[in-house]
Amino acid sequence: MWYPGHIEKAKSLIKQNLKLVDAVIEVLDARAPYTSRAYEEEELFRNKKRIILLNKYDICDKQKTKQWEDFYKQKVGNVFSITSKNLNVKDFFVKNIYPLVPEKFNERRVMIVGIPNVGKSTFINSLRGKKTAAVGAQPGITRGIQWINVSNKLKVLDTPGVLFPKIFNKNTINKLIIIGSLKASDEELDDAVYFAFDFLKAEYPQILENILEDWGTCENAYDFIELFCNKRNFLKKGNIFDYERGRNTFLNELSLGKYGGITYELPSELI
């Protein structure tokens, strides 16, 4: 499993700079709102006010997301479901985040965190915008993170992506791969495509129907990818289907939300 050193460094930077902020915003993937919290959130942020953003609302199952909103409202208190790529992020911050952040010395400071590919970069780029300049180097700020001025009284500290250093739970690994948050080996990709097929077969058969009308003839993910390759003309010499290309394309399109709204877990599964 892929775990670069810069993610461990990111955690160190977060710990060093928590004292400079008054609240923490956690950006989660609305399709996997528990799995996309795969970092030491309790250890890191237990003494800070927290705000949850369930991002990628446009490609989740909204009925299931409502359950996660209720769950995190009880656990954390402040939850918003958003689609950052279609959002005026600066206006959203001023209207919704600013009132929630404690004020110190006539200023409010918040840190934004998230695992890779939950949409945090899109969120930050939109927040920064052409008219929103980075504050630049300040005492106590380590290289690799950056302050952004949202308004005269609100500053956001951007941080690199974080993850658990080691993940052993297969379902967690599979979901992180499916939402595009984890680079994986061929063996792990094989596991993920089988997990995805079995999950969609049980929970969203209509999505499989939209991808392949004759998916019902497939006994497993391998059969499905073979049909998928034939439909896309992913063939090697000798008219042999290109399994790796089909597998990778299917997982990539799934992670991008091209097949419709899907949510991979529910709060009731945590009990």
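Basis of the calculations
- Residues numbered from 1 in each chain as written.
- Predicted model: local features only at pLDDT ≥ 70, side-chain atom pairs only at ≥ 80, totals over all residues.
- Heavy atoms only, no water.
- Salt bridge = Lys/Arg side-chain N within 4 Å of Asp/Glu carboxyl O.
- Buried < 20%, exposed > 50% of the residue type's maximum accessible area, 1.4 Å probe, protein only.
- Helix = DSSP H or I, 4+ residues; strand = E, 2+ residues; numbered from the N terminus.
- Contact = heavy atoms within 4.5 Å.
- Axes fitted to C-alpha atoms, helices over the stretch in contact; angles between N-to-C directions.
- Parallel < 35°, antiparallel > 145°, perpendicular 65-115°, else oblique.
- Nonpolar A, V, L, I, M, F, W, Y, C, P; charged D, E, K, R; others polar.
- Pairing = 2+ DSSP bridges.
- Right-handed = clockwise from strand over helix to strand, strands pointing away.

1. Considerations on the pattern of salt bridges
Inspection of every chain in the model, using the stated rule, returns 17 salt bridges. A salt bridge links Arg108 to Glu103; the shortest N-O distance between them is 3.1 Å. Residue Arg108 is classed as buried on the basis of its relative accessible area, which comes to 14%. Between Asp186 and Arg247 there is a salt bridge, with its nearest N and O atoms 2.9 Å apart. Here Asp186, found in helix 7 (residues 186-203), pairs with Arg247, found in helix 10 (residues 243-255); they are 61 residues apart in sequence, far enough to count as distant. For Asp186, a relative accessible area of 42% translates into the label partly exposed. Here the salt bridges share partners, and the residues they tie into one network are Glu26, Arg37 and Arg50.

2. Description of the environment of Ile225
With respect to the helices and strands, Ile225 occurs in helix 9 (residues 221-232). Distance in space between the C-alpha atoms of Ile225 and Gly119 is 28 Å, their sequence separation being 106 residues. Those residues within four positions of Ile225 in sequence are excluded, and the remaining contacts are Val193, Phe241, Tyr243, Gly246, Arg247 and Phe250.

3. Looking at the packing of helix 4 (residues 89-97) against helix 5 (residues 120-128)
Put simply, helix 4 and helix 5 touch, their axes get as near as 7 Å, and they point 85° apart. Classified by the interaxial angle, the pair formed by helix 4 and helix 5 is roughly perpendicular. Contact residues: helix 4 offers Val89, Lys90 and Phe93, while helix 5 offers Phe123, Ser126 and Leu127. Residue composition of the contact of helix 4 with helix 5, by class: four nonpolar, one polar and one charged.

4. Focus on the pairing of strand 2 (residues 49-55)
Most of strand 2 is tucked away: six of the seven residues are buried. Taken together, the seven bridges between strand 1 (residues 23-29) and strand 2 define a ladder with parallel strand orientation. Note that in strand 2 the partner of Val24 across the bridge is Arg50. For strand 2 and strand 3 (residues 79-81), the ladder comprises three bridges, and the chain directions are parallel. Bridge pairing in strand 3 places Leu54 opposite Ser81. Handedness of the strand 2-helix 3 (residues 62-75)-strand 3 crossover: right-handed.

In short, geometric facts, not functional conclusions.
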